[in-house]
Amino acid sequence: MNYQETVQYLFKSTPVFEKVGAPAYKAGLENSLALDEHFGHPHTHYLTIHIAGTNGKGSCSHTLAAILQADGYKVGLYTSPHLVDFRERIRVNGKPVSEKYVVDFVEQNRSFFEPLHPSFFELTTAMAFKYFADQKVDIAVIEVGLGGRLDCTNIITPILSIITNISFDHMQFLGHTLPKIAGEKAGIIKNGVPVVIGETVPETRVVFESKAEEMQAQAVYAEDIPAILSSKASPDGGRIYKTRYFGVIKSELGGIYQDKNTNTILTAAIQLVNRNIIRNVDSIAQGFAHVCEMTGLRGRWERLKEAPLVICDTGHNVGGWQYLSKQIATQDCKHRRIVFGMVNDKDLNTVMGMLPEDGIYYWTQPSCERAFPVKTIADTAKKHHLTGRTFPTVAEAYHQALEDADPEDFIFVGGSSYVVADLLRSLE
């Protein structure tokens, strides 16, 4: 098989959560442990940092990887989902895994893993862990796929665990209350391993405190002594932070929600400095300033075009849209044009209630089986007195918004990672 055939094989022969949702979710570590045994426990050959949370995992993972790269390490980075190419999930110093490695991994190990019937994510995680060992990375930043306790990344023993925040998402798997969801995320807390927790509410904090005490793990709460003293937008679309310990830091990432992520990242960085993992504190500012360039991060309040200004963002649930809706509504522009679609395990009705009333809408659906049909999007919008036209694809919706726009307009594309993925693929 060539690379494209191999990726199609992975998508078709293993259940893929991004494509089909619940049928692809496997709660348990049996397959992951069997794959890990088969490959000789590759994750024990390098240090790891483990990152869970409802929102912000991707930004935190990529920024920490960039900081560690700036500090001179060879850094593995494992994230999901990908936007354009499968290889984005597995990177070393920002460079995606080679097509040849993906092909060879599948060809050489099919006879072992096919009888296991692993999920797509189980197999991809095993591939990432082995690739990082083969590449002899110094440290790998590992993003949890879903939840924590039963996520197949949870076979590692990291030097630091991070839980960004807790809000309602994937409730059919993780529970319908914040304490239950927090309990699943807290499952990544390991015996004696410090954990940084970005945001809490009283009902989740008690869960983290209890788990950390049980595991004899030091819990550090980023909100208790905020590392950020002030934050403002920079002229080029990023953000400028005045920090408690590291002076003024400029970030490439411009979403206002990044303030929370940055506070978590800086709190984690303090832990890594204290343990002499980060050896030069200037690496922290370097990582923030060049995170997209160094790691390939995309889709976080990303500027695609000027005049009209076009922004895309992968924010896809209520927690994310609490910030996105404010930033979209306060954008200085002549008209607000919004290309919007979502997938069907998200709270469409609540997010619709957050969308700006003065927006000109282009309703659409991403090209995955979990997408809300565009008719459902449009019908729900009517209940919130939002009007717009419907388009069968993201590309068609975007091109119509672009055609309609004046140079002083603002175009936003989002609602789902898969909407952004379709947009970026169409632009390439």
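Residues numbered from 1 in each chain as written. Predicted model: local features only at pLDDT ≥ 70, side-chain atom pairs only at ≥ 80, totals over all residues. Heavy atoms only, no water.

The next thing to look at is the side chain of Q69. By secondary structure assignment, the location of Q69 is in helix 4 (residues 57-70). Once residues within four sequence positions are removed from consideration, Q69 is found in contact with V75, N93, G94, M294 and T295. (Helix = DSSP H or I, 4+ residues; strand = E, 2+ residues; numbered from the N terminus. Contact = heavy atoms within 4.5 Å.)

So, on to the UniProt feature "domain: Mur ligase C-terminal" (unreviewed entry) in the protein. Here the UniProt feature "domain: Mur ligase C-terminal" (unreviewed entry) sits at residues 299-416. Taken end to end, residues 299-416 has its terminal C-alpha atoms 10 Å apart, with 32% of it in helix and 22% in strand. (UniProt positions renumbered as here; feature names shortened; annotations may be inferred.)

Turning to the pattern of salt bridges, a few remarks are in order. On inspection of all chains with the given rule, the structure shows 23 salt bridges. Measuring nitrogen to oxygen at the nearest pair gives 4.0 Å for the salt bridge that ties K260 to E199. Here the residue K260 occupies a position in helix 10 (residues 258-274), and E199 occupies one in the loop between strand 7 (195-197) and helix 9 (202-214), the gap between them amounting to 61 residues. Look at E199 and you get partly exposed, because its relative accessible area is 21%. A salt bridge links K250 to D236, with the shortest nitrogen-to-oxygen separation between them at 2.9 Å. Note that K250 is positioned in strand 11 (residues 248-251) and D236 in the loop between strand 9 (228-233) and strand 10 (239-243), a separation of 14 residues in sequence. Look at D236 and you get partly exposed, because its relative accessible area is 49%. When salt bridges that share partners are traced, they join R205, E209, E223 and D224 into one network. (Salt bridge = Lys/Arg side-chain N within 4 Å of Asp/Glu carboxyl O. Buried < 20%, exposed > 50% of the residue type's maximum accessible area, 1.4 Å probe, protein only.)

Okay, the sheet that holds strand 6 (residues 160-163) next. Strands sit in the order 4-3-2-5-1-6-7-8 across an open sheet of eight strands; the sheet is mixed. Looking along the sheet, the strands with just one partner apiece sit at the ends: strand 4 (95-96) and strand 8 (219-221). Two strands pair when backbone bridges link them, and strand 1 (residues 47-52) and strand 6 are joined in this way by four bridges, in the parallel orientation. When the sheet's bridge partners are listed, I49 is paired in strand 6 with L160. Contacts from helix 9 reach strand 6, strand 7 and strand 8 within the one sheet, and its direction differs from that of strand 8 by about 155°. With respect to the sheet, helix 10 is in contact with strand 1, strand 6, strand 7 and strand 8, its orientation differing from that of strand 6 by roughly 165°. (Pairing = 2+ DSSP bridges. Axes fitted to C-alpha atoms, helices over the stretch in contact; angles between N-to-C directions.)

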